[in-house]
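# Observations on the model geometry
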Amino acid sequence: MTRARSAHHGLTFSAVVTSEEVGAYKPAGALFRRALDGLGLGPVDQHSSWFR
């Protein structure tokens, strides 16, 4: 639904991640890892403990 609504309004994003797709909710690290993966990024070294 999010992707369709975004496209309908002419909005584009590099990555879209939903809690339902990941099966996790904030502040779960899995949600943020998926977002970073979608952007081709890794966690910043000094904050990598956030994603364990």
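Just above sits the structure.
What comes next concerns the included structure. Keep in mind the model is a prediction, meaning the values are calculated, not measured. Each chain has its residues counted from 1, following the order in which its sequence is written. It should be noted that, the model being predicted, local features are given only for residues of pLDDT at least 70 and side-chain atom pairs only at 80 or more, the latter also being counted only at that level, while totals for whole chains, interfaces and linings use all residues. Only hydrogens and water are set aside when side-chain values are computed; all heavy atoms of the structure are taken into account.

## Concerning helix H3 (residues 29-38)
Turning to H3, its buried residues number three or more, namely Gly29, Leu31 and Leu36. When H3 is viewed along its axis, its buried side chains cluster within an angular range of 160° and face the same direction. Contacts are assigned to residue pairs with any non-hydrogen atoms lying within 4.5 Å of each other. Secondary structure follows DSSP: runs of H or I at least 4 residues long count as helices, runs of E at least 2 residues long count as strands, and numbering of each begins at the N terminus. Its buried side turned inward, H3 meets helix H2 (19-22). Two residues or fewer past H3, glycine 40 is found with a positive phi of approximately 75°. Each residue's exposure class comes from its accessible area (1.4 Å probe, protein chains only) as a fraction of the maximum for that residue type: buried when under 20%, exposed when over 50%, partly exposed otherwise. The arc refers to the directions leading from the helix axis to the C-beta atoms.

## Here's the deal with the side chain of serine 6
By secondary structure assignment, the location of serine 6 is in helix H1 (residues 2-8). You can call serine 6 buried: its relative accessible area is 10%.

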